[in-house]
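What follows is each chain in one-letter form.
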Amino acid sequence: MSQRTSEKTLARRIEFLQSIPLFAALSDAELNLLLQDLRPKEYGKDEIVLRQGDESRELYIIFKGKVRIYKVSPSGNETSIAIFGERDIIGEQSAIDGAPRQSSAKAINAVTLLVMSHEAFAHHLQNIPKLMLGLVQLLNQKLRWTAAFAESVAQFDAAGRLLHILLLYNEQYGVRTEENGHVYHVLDLSLNQTDLASLVGARREWVNRILGDWRKRGLMEFNNGVVTILDLQRVTAERDSRIEANQGGEW
């Protein structure tokens, strides 16, 4: 590799790290130090990235693809917790405290991660003050997500929770498109109906029925893991109308 190509590659990698909030305040020299301790690791669709109870302590940066975080009950049932995509950080809790993994992570599609060992991450935290501040902000962001999810559980019925979560993910990953003067929002989570059901504590059959109803009403469509919000204003209004609704456990 020529020196010019090497410099371009380094600049591209530094630019990628700068686009991640955890590292945004760091200098090029500090980012270069981090790059020396990051190694890429690839996972295929449905491959386990982290396993609940494992004692691994690495930190992961998602370079490409999406990862589903979930917990497994003693009976073996999965409950989805969150979806993370490009530039998101996962595994930071065990990288900080060394405790076993609290949840599992599975690749939704082909995923490339940048992996940093616990020892390297701890070293950089001690020597780069702005990295510590970035970590506090990252943990605060995830705490806000947890609070938003708890709010959805407290305020909404299952349909409202599903709408609330889809709208939250639309803010993060949705792509606004326009066709013939009509605006759509396309959200590719690559989740099946069973995954969506586990996000809100419902059965897959109920999710299938409610998605069919929303499609007939022109609110959204669901096809092969891709949610297309046909009318964002109406979907938001539908979500808000479900506050404190009680469907009598029909699912």
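Provided above is the structure to which this section pertains.
As a starting point, this report considers the structure included with it. Computed from a prediction, not measured in an experiment: that's the story for all the values here.

Scoring rules and cut-offs
- Residues numbered from 1 in each chain as written.
- Predicted model: local features only at pLDDT ≥ 70, side-chain atom pairs only at ≥ 80, totals over all residues.
- Heavy atoms only, no water.
- Pairing = 2+ DSSP bridges.
- Helix = DSSP H or I, 4+ residues; strand = E, 2+ residues; numbered from the N terminus.
- Phe/Tyr/Trp six-rings, centres within 6.5 Å; stacked < 30°, edge-to-face > 60°.
- Buried < 20%, exposed > 50% of the residue type's maximum accessible area, 1.4 Å probe, protein only.
- Lys NZ or Arg CZ within 6 Å of the ring centre and 35° of its normal.

1. Thoughts on the sheet that holds strand E3 (residues 59–64)
A sheet is described by the order of its strands in space; here four strands give the open sequence E1-E8-E3-E6, paired in antiparallel fashion. Only two strands of the sheet have a single partner each, and these edge strands are strand E1 (39–43) and strand E6 (89–90). Two strands pair when backbone bridges link them, and E1 and strand E8 (residues 111–116) are joined in this way by five bridges, in the antiparallel orientation. In the sheet register, Arg 39 faces E8, and the bridge partner there is Val 115.

2. Some words on the packing of aromatic side chains
Inspection of the entire model under this criterion finds two aromatic pairs. For the pair Phe 16 and Phe 63, a centre-to-centre distance of 4.9 Å together with 65° between the ring planes defines the contact as edge-to-face. Here Phe 63 lies in strand E3 and Phe 16 lies in helix H1 (residues 3–18), a separation of 47 residues in the sequence. Ring geometry for Tyr 169 against Tyr 173: centres 6.1 Å apart, planes inclined by 20°, an arrangement best described as stacked. Of this pair, Tyr 169 and Tyr 173 both sit in helix H6 (residues 158–173), separated by four residues, roughly a single helical turn. Judged on exposure class, the residue Tyr 169 and its partner Tyr 173 are both buried. Positioned above the aromatic ring of Tyr 173 is the side chain of Lys 66, whose terminal nitrogen or guanidinium carbon lies 5.8 Å from the ring centre. Positioned above the aromatic ring of Phe 84 is the side chain of Lys 142, whose terminal nitrogen or guanidinium carbon lies 4.6 Å from the ring centre.

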